[in-house]
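Fold and contact review
Listed below, chain by chain, are the residues.
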Amino acid sequence: MTTRKSIDHVLADQKVLVVDDEPDSLLVAAKLLKRVNAKVLTATNGVEGLEIARSERPLFIISDLSMPEMSGWQLIAELKSDRATLDIPVIALTAHAMAGDRTRAIAAGFHNYLTKPLQPETFVTDLLRVVMDTPVMIDLLAEK
Amino acid sequence: MMRWNVLAKPSIYRQILASFAVIVVLILVAGIFNSYELTQLQRVSQQVAPVGEQLITVQEYALTLESLDVRLEQFILVGDEATRNEIELAFEQLQSSIVLLQEGTGESLSGDVQQLEAATNDLIAESQLLIATLDEQNTSVNLLIRNVFTSIDDSRSLSQDLTTELLTLVQTTVTEQARFVEQISVQLYVLTGIIFMIGVGSAVYVSRRVAGPLAEMAAIATEVAEGNLEARVRVKSEDETGRLGLAFNRMADQVEQTLNDLKKANRELKEVSRLKDEFLAIMSHELRTPLNAIIGFHGIMLMDDELNEESQFMVKRSRANADRLLNLINDILDISRIESGRLQLVPVELHIAELAEHWEAQMSILATEKNLDFEVVIDESLPDIVYADEDAVTKIVTNLLGNAFKFTEQGKVLLKMGSAEGKWVIEVSDTGEGIPAHMQEIIFERFRQVDGSSTRKFGGSGLGLAIVRNLCLAMNGTVTVTSTPGSGSNFTVSLPVEMRERTGVLTA
């Protein structure tokens, strides 16, 4: 059984992609992930995010939903229609919190859904909690 | 009540009245005609009775005559006193009959009666002479006898003639009577026939004039009821049915108008509702996004621990205020959503152990800060998994825990979860300042706190418990409070949800 502290080490040296058009939100998430030694990749719109996902193949992706040029919804569609990226779990991170949003997100292909504002103290733990049951994470934990 | 100026317009009512007036007039005319006949009938009838009496008198006369005939023969043979007296009596009877006939018969027969009187007087005289002669035993007896009996025959035939005359008179009267009766009957039959035809004719005419328009109106009304709002009655006359048709059309106009107004109002309402939803969605997003940056950066600064004590304190306070602002925004949006009925609960599988761990982690920071004990206890009666809406349950627990920490300065906050009677029971207890009995119901109302000044001291919008109660109700559950001022409070939530062990069957 892993304790909370060792859970944080799970992400050490792992590539994580964060996509958000709000620079402040992007920075908060990036900083928190850097604190657990993850290799943080950032993108400020869906197009950039798609490119990075294809070329870098991160462990998982965190994405905002409402973005210009390509929204989070469009991004997930693209990711899931590309063999190279369809196995990468994507977590939606958004300030929208209306009824049915989570269901819609999961139906669209997101693995799970976290709401902003996030709790900086528990962000990483919450994040890991919602990706823990994906194949990539299970493999990773098995290795460690 | 009909006003008389209605005469100016055509009217079915007037037509009905006119028909019946004609009928009544005809009946009166018939009555008048017949009354003439009836009077004649009456007059003629009066004549019959006296004629009957006269017949009887003549019959009596004839009988007396026969009796006299017999008595005279007897007297001729026997000649005794008794017979003479009877003969005298017969003379008197004949004469009194004549008197009756004279009095009773009319002008037409007075001649016959006079003749009869003369014959009777002759007879009496000759009979008396016969009697006198017989008394003297005269030889002219045979002649006298012949004279007497001839007189008897004369009188007899005359009385028979009179009888015949009287009978003829009776017959004529009766025939006249019959004729009048027949005339009256015919007239009555004809009149009845005419009245009947007029009556039927009027009824048919009136009913067509009324029933026709009414049937048309009923058909149009059905059409309108089935949805054809433009159907209208054709108004063809100015009488009562015409006015009814006009009134009906006006009403249909009104209905069409009202329906169109309602449709428009409904569209506008839908639009307003849609705009409100849009507003909530946008506000939700717009208000939260900046707070993400604020809370995020503050948290990171505190975690990095590179600030001096003073700066750290200020950042902490700043962060606390940002949290307060976030809570306020969340509460407002929640209550707005719940109360406008837009809350949709989506039960999902929840792992009790995970939830407990999460809440413990969330609150332990606050506990450490306020130097309070915080304990999470899971009773073994509670299965591993429950099915409920995660957001709703989280909100309930977070609100209750938040309150517990807020109003407790020393001691302990306890979160206990278990099951009772098939329901998921969540208890949040604290050793805070408690809630007086009279406030224990009010605090669940919007914007209410135990102490109005608490808002300043403890912060908060006063919406938390209102939200907790609304959510419990939405899940068919309950929330109750027990408290002793000065010792602490206990909030108990009971939710009827499906539960199961990790490797077991569903228990509700």
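Criteria and cut-off values
Residues numbered from 1 in each chain as written. Chains lettered and ligands numbered in written order. Predicted model: local features only at pLDDT ≥ 70, side-chain atom pairs only at ≥ 80, totals over all residues. Heavy atoms only, no water. Helix = DSSP H or I, 4+ residues; strand = E, 2+ residues; numbered from the N terminus. Buried < 20%, exposed > 50% of the residue type's maximum accessible area, 1.4 Å probe, protein only. Pairing = 2+ DSSP bridges. Right-handed = clockwise from strand over helix to strand, strands pointing away. Polar contact = N/O pair within 3.5 Å; in protein donor to acceptor, adjacent residues only side chain to side chain. Salt bridge = Lys/Arg side-chain N within 4 Å of Asp/Glu carboxyl O. Axes fitted to C-alpha atoms, helices over the stretch in contact; angles between N-to-C directions. Parallel < 35°, antiparallel > 145°, perpendicular 65-115°, else oblique. Left-handed = near helix turned anticlockwise from the far one by under 90°. Contact = heavy atoms within 4.5 Å. Nonpolar A, V, L, I, M, F, W, Y, C, P; charged D, E, K, R; others polar. Buried area = accessible area lost by both parts, 1.4 Å probe. pLDDT = per-residue confidence, 0-100. Patch = residues over 30% accessible without salt bridge, like charges linked within 9 Å, V, L, I, M, F, W, Y side chains within 5 Å. Areas by Shrake-Rupley, 256 points an atom, 1.4 Å probe, with all protein chains shown as cover. Core = buried A, V, L, I, M, F, W, Y, C linked by side-chain atoms within 4.5 Å.

As a further point, take unusual backbone geometry. Residue and element names in this part refer to chain A. Between K116 and P117 the backbone carries a cis peptide bond, its omega angle lying at 0 degrees. Along the chain, P117 falls in the loop between β5 (112-115) and α6 (123-131). Phi at R57 takes a positive value of approximately 50 degrees, unusual for a residue other than glycine. With respect to the helices, strands and loops of the structure, R57 is situated in the loop between α3 (46-56) and β3 (60-63).

Once that is clear, we can look at the pairing of strand β1 (residues 15-19) of chain A. Residue and element names in this part refer to chain A. Among the 5 residues in β1, 4 count as buried, and that is most of the element. Across 5 bridges, β1 lies against strand β2 (residues 39-43) in parallel orientation. Across the sheet, residue K15 finds its bridge partner in β2, namely K39. Each parallel crossover has a hand, and the one from β1 via helix α2 (residues 23-35) to β2 is right-handed. Of the pairings in the sheet, the one linking β1 to β3 comprises 4 bridges and is parallel in character. Counterpart to V16 in the pairing with β3 is F60.

Here the focus is the side chain of N45 of chain A. Residues and elements named next belong to chain A. The residue N45 is located in the loop between β2 and α3 in this model. Assessed through its relative accessible area of 14%, N45 is described here as buried. At 2.9 Å, the side chain of N45 and the backbone nitrogen of V47 are in polar contact.

Attention shifts here to the pattern of salt bridges. All names here are of chain B. Tallying each qualifying case throughout the model produces 24 salt bridges over all chains. Residues R319 and D323 are paired through a salt bridge, measuring 3.3 Å at the closest nitrogen-oxygen approach. Here the residue R319 and the residue D323 both occupy positions in helix α6 (residues 309-339), the gap between them amounting to 4 residues, near one helical turn. Residue R319 is classed as buried on the basis of its relative accessible area, which comes to 7%. Where salt bridges share partners, they join E66, D69, D153 and R156 into one cluster.

Between two packed helices, what matters for the description is the angle formed by their axes and the separation of those axes. Residue and element names in this part refer to chain B. Where helix α2 (residues 81-104) meets helix α3 (residues 107-136), the axes come as close as 10 Å, and the angle between the chain directions of the two elements is 165 degrees. The orientation of α2 relative to α3 falls into the category roughly antiparallel. The crossing of α2 and α3 is left-handed. Of the residues in α3, those touching α2 at R84, I87, F91, L94, Q95, I98, L101 and Q102 are V113, L116, E117, T120, N121, L123, I124, S127, Q128, I131 and D135. In the contact of α2 with α3, the residues fall into 10 nonpolar, 6 polar and 3 charged.

What follows deals with the interface of chain A and chain B. Between chain A and chain B, the residue contacts involve 25 residues of the former and 28 residues of the latter. Approximately 2600 Å² of surface area, both sides summed, lies buried where chain A meets chain B, with 61% of it carried by carbon and sulfur atoms. Applying the counting criterion to the chain A and chain B interface returns 3 salt bridges. In this structure, E121 of chain A and R319 of chain B form a salt bridge, with 2.6 Å as the shortest nitrogen-oxygen distance. Seen at the junction of chain A and chain B, the total is 8 residue pairs in polar contact (both at pLDDT 80 or more). Looking at the side of chain A that touches chain B, the elements with two or more residues in it are α2, α5 (101-108) and α6 of chain A. Looking at the side of chain A that touches chain B, the element that brings in the most residues is α2 of chain A, giving 7 residues. For the side of chain A that touches chain B, a count of residues per class yields 10 nonpolar, 6 polar and 9 charged.

Time to look at the sheet that holds strand β4 (residues 90-94) of chain A. Each strand in a sheet pairs with its neighbour through backbone hydrogen bonds, running either in the same direction (parallel) or in the opposite one (antiparallel). Residue and element names in this part refer to chain A. Taking strand neighbours across the sheet as the criterion, the 5 strands line up as β2-β1-β3-β4-β5 in an open arrangement whose pairing is parallel. Across the chains shown, the open sheet's two edge strands, defined by having one partner strand only, are β2 and β5. The average undirected angle you get between the axes of adjacent strands in this sheet is 20 degrees. Direction of pairing for β3 relative to β4: parallel, over a ladder of 3 bridges. From the neighbouring strand, S63 faces β4, where its bridge partner is A92. Here α2 sits on the sheet in contact with β1, β2 and β3, set at roughly 170 degrees to β2. Lying on the sheet, helix α4 (residues 72-80) is in contact with β1, β3 and β4; it crosses β3 at an angle near 160 degrees.

Let us now look at the environment of T408 of chain B. With respect to the helices, strands and loops of the structure, T408 of chain B is situated in the loop between α8 (390-406) and β4 (412-420). A distance of 2.6 Å separates a polar atom in the side chain of T408 of chain B from the backbone oxygen of A404 of chain B.

Right, let's get into the confidence of the model for chain A. When pLDDT drops low, the exact placement of atoms in the prediction is not to be read closely. On average, chain A scores 88 in pLDDT, and the residues at 70 or more come to 92%. Across chain A, the element-wise mean pLDDT spans from 62 in helix α1 (residues 4-9) of chain A up to 96 in β2 of chain A.

This next bit is on the confidence of the model for chain B. All names here are of chain B. Scored by pLDDT, chain B has a mean of 85; 92% of the residues are at 70 or more. Under a pLDDT of 50 for its full length, residues 1-6 has, in the predicted model, 2 contacts with residues more than four places off or in other chains. As scored by the predictor, the complex reaches a pTM of 0.52 and an ipTM of 0.90.

With that settled, the discussion passes to a nonpolar patch on the surface. All names here are of chain B. Residues F196, M197, V200 and V204 make up a contiguous nonpolar surface patch of about 400 Å² in total accessible area. Its location among the elements puts V204 in helix α4 (residues 141-225). Classification of V204 by relative accessible area gives partly exposed; the value is 40%.

As a further point, take the nonpolar core. Residues and elements named next belong to chain B. F374, L401, L415 and W424 are the most contacted members of the largest nonpolar core, which has 48 residues in total. Take this core: its biggest share by element is 8 residues, from α8. If we skip the residues at most four places from it in the chain, F374 touches W359, E360, M363, S364, A367, L401, F405, V413 and L415.

All names here are of chain B. Read across the sheet, 5 strands follow the order β2-β4-β5-β7-β6 without closing on themselves; strand pairing throughout is mixed. Only two strands of the sheet have a single partner each, and these edge strands are β2 (373-378) and β6 (478-484). Strand-to-strand twist in this sheet, taken as the mean axis angle between neighbours without regard to direction, amounts to 15 degrees. With 8 bridges joining them, β4 and strand β5 (residues 423-430) adopt antiparallel strand pairing. Among the inter-strand pairings, G418 is bridged to a residue of β5, identified as V425. Along the sheet, α8 contacts β2, β4, β5 and β7 (488-495); its crossing angle with β5, the most-contacted strand, is approximately 20 degrees.

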